[in-house]
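Residue strings, one per chain:
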Number of protein chains: 2
Amino acid sequence: MTMTSPSASALVEDETLPIAEVARRTGLSADTLRYYEKAGLIDSVRRTAGGVRRYAAGDMDWLAFLLRLRDTGMSIADMQRFAEQRREGDASVAERLALLREHRDCVDRRIRSLRENNRALDNKIAHYEELLEGER
Amino acid sequence: MTMTSPSASALVEDETLPIAEVARRTGLSADTLRYYEKAGLIDSVRRTAGGVRRYAAGDMDWLAFLLRLRDTGMSIADMQRFAEQRREGDASVAERLALLREHRDCVDRRIRSLRENNRALDNKIAHYEELLEGER
DNA sequence: CTAGAAGTTGGAGCGCGCTCGAACGCAAGC
DNA sequence: GCTTGCGTTCGAGCGCGCTCCAACTTCTAG
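Enquirer: I keep staring at the interface of chain B and chain A and nothing clicks. Help me out?
Expert: Think of interface size as the accessible area that goes away when the parts come together; that is how it is often given. Contacts between chain B and chain A engage 33 residues on the former and 33 residues on the latter. Connecting chain B to chain A are four salt bridges. As a salt-bridge pair, Arg101(A) and Glu129(B) come within 2.6 Å of each other at their nearest N and O atoms. Here chain B and chain A share 14 residue pairs in polar contact (both at pLDDT 80 or more) between them. Elements represented by at least two residues in the side of chain B that touches chain A include exactly helix H4 (57-71) and helix H6 (93-135) of chain B. Grouping the constituent residues of the side of chain B that touches chain A by class yields 16 nonpolar, four polar and 13 charged.

Enquirer: Sorry if this is basic, but what is going on with the packing of aromatic side chains here?
Expert: Both the distance between ring centres and the angle between the ring planes are used here to describe each pair of aromatic rings. Evaluation of the coordinates by the stated rule reveals 10 aromatic pairs over all chains. Relative to Tyr36(B), the ring of Tyr35(B) lies with its centre 5.8 Å away and its plane at 45°, an arrangement referred to as tilted. Here Tyr35(B) falls in the partly exposed class, since its relative accessible area comes to 43%. Of the residues examined, Tyr36(B) reaches a relative accessible area of 6% and is grouped as buried. Judged by centre distance (5.6 Å) and plane angle (55°), the rings of Phe65(B) and Phe82(B) are tilted. Within this pair, whereas Phe65(B) is found in helix H4, its partner Phe82(B) is found in helix H5 (residues 76-88), the two being separated by 17 residues in sequence. In this structure, Phe65(B) and Phe82(B) share a single accessibility class: buried. Every member of this aromatic cluster is reached through a ring pair, and the members are Trp62(A), Phe65(A), Phe82(A) and Tyr128(B). Of note, Lys124(A) hangs over the ring of Phe65(B), and the distance from its end group to the ring centre comes to 4.4 Å.

Enquirer: Just checking my understanding: could you explain the packing of helix H5 (residues 76-88) of chain A against helix H6 (residues 93-135) of chain A for this structure?
Expert: For any two helices packed against each other, the geometry is given by the interaxial angle and the distance between the axes. All names here are of chain A. Running from N to C, H5 and H6 cross one another at 155°; their axes reach a closest spacing of 9 Å. The angle between the axes of H5 and H6 places the two elements in the roughly antiparallel class. Here H5 and H6 pass one another in a crossing that is left-handed. On the side of H5, the interface is formed by Phe-82, Gln-85, Arg-86 and Glu-88, while H6 contributes Glu-95, Arg-96, Leu-99 and Leu-100. Considered class by class, the residues forming the contact of H5 with H6 number three nonpolar, one polar and four charged.

About the criteria used
Note on numbering: residues in each chain are counted from 1, in written sequence order. Labels follow written order: the first chain is A, the first ligand is 1, and so on. Per-residue local features are limited, in this predicted model, to residues with pLDDT of at least 70; the limit for side-chain atom pairs, both in listing and counting, is 80 or more; totals at the level of whole chains, interfaces and linings are taken over all residues. The side-chain values count all of the structure's non-hydrogen atoms but skip hydrogen atoms and water molecules. The contact criterion used is simple: two residues touch if any of their non-hydrogen atoms lie within 4.5 Å. A side-chain nitrogen of Lys or Arg and a carboxyl oxygen of Asp or Glu constitute a salt bridge if their distance falls within 4 Å. Residues adjacent in sequence count toward polar contacts only when both atoms are side-chain atoms; beyond that, a polar contact is any pair of N or O atoms within 3.5 Å, and within protein one must be able to donate a hydrogen and the other to accept it. Only runs of H or I of at least four residues qualify as helices and only runs of E of at least two qualify as strands under DSSP, and these elements are numbered from the N terminus. Asp, Glu, Lys and Arg are counted as charged, while Ala, Val, Leu, Ile, Met, Phe, Trp, Tyr, Cys and Pro are counted as nonpolar; the rest, among them Gly, fall into the polar class. Side-chain rings of Phe, Tyr and Trp (the six-membered ring for Trp) are treated as a pair once their centres are within 6.5 Å; stacked means planes under 30 degrees apart, edge-to-face means over 60, and tilted covers the remaining angles. Summary of the burial criterion: residues with accessible area below 20% of their type's maximum are buried, those above 50% are exposed, and those between are partly exposed, where the area comes from a 1.4 Å probe applied to protein chains only. Remark: a charge is flagged as sitting over a ring if the NZ atom of Lys or the CZ atom of Arg is within 6 Å of the ring centre and within 35 degrees of the ring normal. Fitted lines through C-alpha atoms give the axes, limited to the stretch in contact for helices. The angle between two N-to-C directions lies from 0 to 180 degrees. In these notes the angle categories are as follows: under 35 degrees is roughly parallel, over 145 is roughly antiparallel, 65 to 115 is roughly perpendicular, and the rest is oblique. For a crossing to be left-handed, the near helix must be turned anticlockwise from the far one by less than a right angle; the clockwise case is right-handed.

Such coordinate-based values are descriptive only and should not be taken to indicate function.
Right, here's the structure in full:
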């Protein structure tokens, strides 16, 4: 059996992670991580001399943030815009703030809509329960 | 000018609606309505002698329900299962109830997740606001 | 040094949920 | 009866967000 579990060299020594470990931690596939990088969502991932990616703590933080945006329904195009502004530095802080606020409000609306629809589903469920009652 | 606004014949006389009007009311496109029907999500839409669809009140109710399922994130495949069971009649009530409950719980989890993520976004926003404050 | 696991790139492919185009039929106001 | 627009079918195409493949390189335990 080959010893391949992530051990000292990969995880502890230099605090930087190989793509497989990042995949495991984020739940993204290695393919998706590379895809995001190519799409400009992530940049400046350090490489070894041989060209192998090594993710640093900062990369992980940014990824976690991207995942929040994604999981709240932001499109890749919008995340690209945000990432682009981030690259532009401090000058874009106001823009980014506006984008985030707009997105948060959009998510709020979505939550409200889901709650409303779920209440209607509850009614439907109650109706089905009555049907079942009557059947017995 | 051709008089094409939905008038007596289309909307009032027989309480059944042409596809364009259904599209207008549901927000779906006529293409999507036909696609849903072909996919087995909707059936028994009455036709004129010439083969033109006329949606009845019952069709509209079912469509509204489908839209709730869709808007809460149910896949077309799952809606197909539900529609299939509905076709099977009363025997499938228990199954349908189970499906609906599961879906509602799934939506609840989604809502909770969104709220959690949105709280994190709020923190990020607050952080950006501080940044902007400090800049001035 | 070597074997085998893990990583790399570029590009093709896929599943989902529509959306559109072509070519044709029906329906209603003049 | 004719025109004009709404409707029909079938099948192809599309945008999104990945996902997979081939061919090759790098890394690491033994």
